[in-house]
Amino acid sequence: MAVTDRQIREAVATKVTSLTTTGARVYPNRMHPFDSTALPGLRVFVDRDDVSVDGAAFPHIQQHRLMLVIEALATATADLDDTLDLISKEVETALSSGFLI
């Protein structure tokens, strides 16, 4: 069974939910509106899915190269860059152990 972009996006969103800085404010789509009460938070979305077909194999094999984006959002304050750096570190740590779908 093929794994869909949505399944990957939701698995990653689950993996980065409950981080110290962003908590449960993780949304697996790019269109979720954020207001100041919902920050800091994360959006997880697919930016691009490039597909190539290996025509030499039978049955034909599709290879997908997925660009997944985890966008960190925070309130613009004097320590904005520090907050975003911290969120980035937390996300990288959470994803470093991998995930299963």
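Since the structure is predicted, the reported quantities are computational estimates derived from the model, not experimental observations.

Trainee: I would appreciate a short explanation of the overall build of the protein chain in the present structure.
Mentor: Within the protein chain, the secondary structure is distributed over 2 helices and 3 strands. Along the protein chain, from the amino end to the carboxyl end, the secondary structure elements read α-β-β-β-α. For 101 residues, the compact-globule estimate of 2.2 N^0.38 gives 13 Å, and the protein chain exceeds it by more than 25% at 16 Å. Its C-alpha atoms give the protein chain principal-axis dimensions of about 55 × 25 × 20 Å.

Trainee: Explain a nonpolar patch on the surface to me, please; I cannot follow it from the model alone.
Mentor: On the surface, Val3, Phe99 and Ile101 cluster together to form a nonpolar patch covering roughly 270 Å² of accessible area. For Ile101, the position within the fold is in the segment after α2 (80-95).

Trainee: Whenever I open this one, the environment of Arg65 confuses me. Can you help?
Mentor: Within the secondary structure, Arg65 sits in strand β3 (residues 61-73). With a relative accessible area of 64%, Arg65 lands in the exposed category. Taking the C-alpha atoms as reference points, Arg65 and Asp49, 16 residues apart in sequence, are found 5.7 Å from one another.

Trainee: So what exactly am I meant to see when it comes to helix α1 (residues 5-15) here?
Mentor: At 3.6 residues per turn, the α-helix brings residues three or four places apart onto the same side. Restricting attention to buried positions, one finds in α1 the residues Arg9, Ala11, Val12 and Ala13. The inward-facing, buried residues of α1 abut β1 (26-27), β2 (41-54), β3 and α2.

Trainee: When you look at the side chain of Arg43 in this model, what are you seeing that I'm missing?
Mentor: For Arg43, the position within the fold is in strand β2. Of the residues examined, Arg43 reaches a relative accessible area of 14% and is grouped as buried. At a separation of 3.5 Å, a polar atom in the side chain of Arg43 contacts the main-chain carbonyl oxygen of Arg30. If near-sequence neighbours (up to four positions away) are discounted, Arg43 is found in contact with Tyr27, Asn29, Arg30, His32, Pro33, Phe34, Val69, Ile70, Glu71 and Leu73.

Trainee: What is the right way to look at the confidence of the model for the protein chain in this model?
Mentor: Interpretation of this model should avoid reading the predicted coordinates in detail wherever pLDDT is low. On average, residues of the protein chain score 89 in pLDDT, and 98% of them reach the 70 mark or higher. Element-level pLDDT for the protein chain is lowest in β2, with a mean of 87, against a maximum mean of 97 in α2.

Trainee: For this particular structure, what's the right way to read the packing of aromatic side chains?
Mentor: How two aromatic rings sit relative to each other is set out by the distance from centre to centre and by the angle between their planes. For the structure on display, the rule yields 1 aromatic pair. Both rings, one in Tyr27 and one in Phe34, keep their centres 5.2 Å apart while their planes meet at 80 degrees; by these two values the pair is edge-to-face.

Trainee: I keep staring at the sheet that holds β3 and nothing clicks. Help me out?
Mentor: The strands making up a sheet associate through hydrogen bonds between their backbones, and the pairing can be parallel or antiparallel. Sheet architecture is open: 3 strands sit in the order β1-β2-β3, paired in mixed fashion. Across the chains shown, the open sheet's two edge strands, defined by having one partner strand only, are β1 and β3. Pairing of β2 with β3, which is carried by 13 bridges, proceeds in the antiparallel orientation. Bridging from a neighbouring strand, Arg48 pairs with Met67 of β3.

Scoring rules and cut-offs
- Residues numbered from 1 in each chain as written.
- Predicted model: local features only at pLDDT ≥ 70, side-chain atom pairs only at ≥ 80, totals over all residues.
- Heavy atoms only, no water.
- Helix = DSSP H or I, 4+ residues; strand = E, 2+ residues; numbered from the N terminus.
- Rg over C-alpha atoms; globule rule 2.2 N^0.38 Å.
- Patch = residues over 30% accessible without salt bridge, like charges linked within 9 Å, V, L, I, M, F, W, Y side chains within 5 Å.
- Areas by Shrake-Rupley, 256 points an atom, 1.4 Å probe, with all protein chains shown as cover.
- Salt bridge = Lys/Arg side-chain N within 4 Å of Asp/Glu carboxyl O.
- Buried < 20%, exposed > 50% of the residue type's maximum accessible area, 1.4 Å probe, protein only.
- Contact = heavy atoms within 4.5 Å.
- Polar contact = N/O pair within 3.5 Å; in protein donor to acceptor, adjacent residues only side chain to side chain.
- pLDDT = per-residue confidence, 0-100.
- Phe/Tyr/Trp six-rings, centres within 6.5 Å; stacked < 30°, edge-to-face > 60°.
- Pairing = 2+ DSSP bridges.

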